[in-house]
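Coordinates in review
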Amino acid sequence: VQLQASGGGLVQPGGSLRLSCAASGRTFSNYGMGWFRQAPGKEREIVGAISSTGGTAYYADSVKGRFTISRDNAKSTVYLQMNSLKLEDTAVYYCAARFTRAQPIWSREYDYWGQGTQVTVSS
C-alpha cells in the first residue's frame, strides 16, 4: 500500500492543523493505521493509532485530549486533527499502515510508511 501524507505547515502555539494520509494500492479498510513523529535528534515516537474500522483509537499521553485520529475508509484516508499545538509538537509526522484490524502502537509493527510531512509550531 502506498501512503501520501499532507497537511503539515507552520502554526503558532495554540493553533490547529489537520494532517491527512491518503492510501492507495490495497483495501484500506483492512489496515490499522498509525501516526508517528520524529523531532530533530530524537527517536520516532507514536502519536496515535486507529483500528481498521475506526472503532478504537490509541493516543500517546503527550497528545491525549489535543489530537484526534479519524479515518474515512470510503476515501482511503486517515486524519490527524491537532489542536492546542505546542512548541514540542514540532516534528516530521509520518503515517503508517499494517494489515491488521487492530491499532498497533509500535513502529516495528508497521509495514508501510508515508514520506512524512513537517509540522512546525513557532511564534
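Residues numbered from 1 in each chain as written. Predicted model: local features only at pLDDT ≥ 70, side-chain atom pairs only at ≥ 80, totals over all residues. Heavy atoms only, no water.

This part is about the nonpolar core. The biggest cluster of nonpolar side chains holds 30 residues, and the ones touching the most others in it are M33, W35, L80, M82 and Y93. Going through the elements one at a time, β1 (2-6), β3 (17-24), β4 (31-38), β5 (45-50), β7 (67-72), β8 (77-82), β9 (91-99) and β11 (117-121) are the ones with two or more residues in this core. Listed in part, the five residues of the second largest apolar core include F36, I46, A96 and Y110. (Core = buried A, V, L, I, M, F, W, Y, C linked by side-chain atoms within 4.5 Å. Buried < 20%, exposed > 50% of the residue type's maximum accessible area, 1.4 Å probe, protein only. Helix = DSSP H or I, 4+ residues; strand = E, 2+ residues; numbered from the N terminus.)

Attention now goes to the pattern of salt bridges. A complete count under the given rule lists five salt bridges for this structure. We note a salt bridge from E45 to R37, for which the minimum N-O separation is 2.7 Å. Owing to a relative accessible area of 35%, E45 belongs among the partly exposed residues under this scheme. Taking the relative accessible area as the measure of exposure, R37 reaches 5% and is therefore buried. Across the pair D89 and R66 runs a salt bridge, and its minimum N-O distance is 2.7 Å. Pair noted here: D89 is in the loop between β8 and β9 and R66 is in the loop between β6 (57-59) and β7, with a separation of 23 residues, a long-range link. Accessibility expressed as a relative area gives 0% for D89, which makes it buried. R66 sits in the buried class, given a relative accessible area of 10%. A cluster of three or more residues bridged by salt bridges with shared partners is formed by R37, E45, R66 and D89. (Salt bridge = Lys/Arg side-chain N within 4 Å of Asp/Glu carboxyl O.)

What follows is about the state of the cysteines. This structure, assessed with the given rule, holds one disulfide. Note on cysteine connectivity: C21 is disulfide-linked to C95, with sulfurs 2.1 Å apart. Taking the sign of the S-S torsion, 65° for the link of C21 and C95, the bridge is right-handed. One end of the pair, C21, is in strand β3; the other, C95, is in strand β9, with 74 residues separating them in the sequence. Like C21, the residue C95 is buried in the burial classification. (Disulfide = S-S within 2.5 Å.)

One pass over the structure, following the stated rule, counts five aromatic pairs. Considering the side-chain rings of F36 and W113, the 5.0 Å spacing of their centres and the 55° angle between planes classify their relative orientation as tilted. Taken as a pair, F36 in strand β4 and W113 in strand β10 (residues 112-113) lie far apart in primary sequence, 77 residues in all. Taking the centre distance of 6.1 Å and the plane angle of 65° together, the rings of Y110 and W113 count as edge-to-face. Every member of this aromatic cluster is reached through a ring pair, and the members are Y31, F99 and Y112. (Phe/Tyr/Trp six-rings, centres within 6.5 Å; stacked < 30°, edge-to-face > 60°.)

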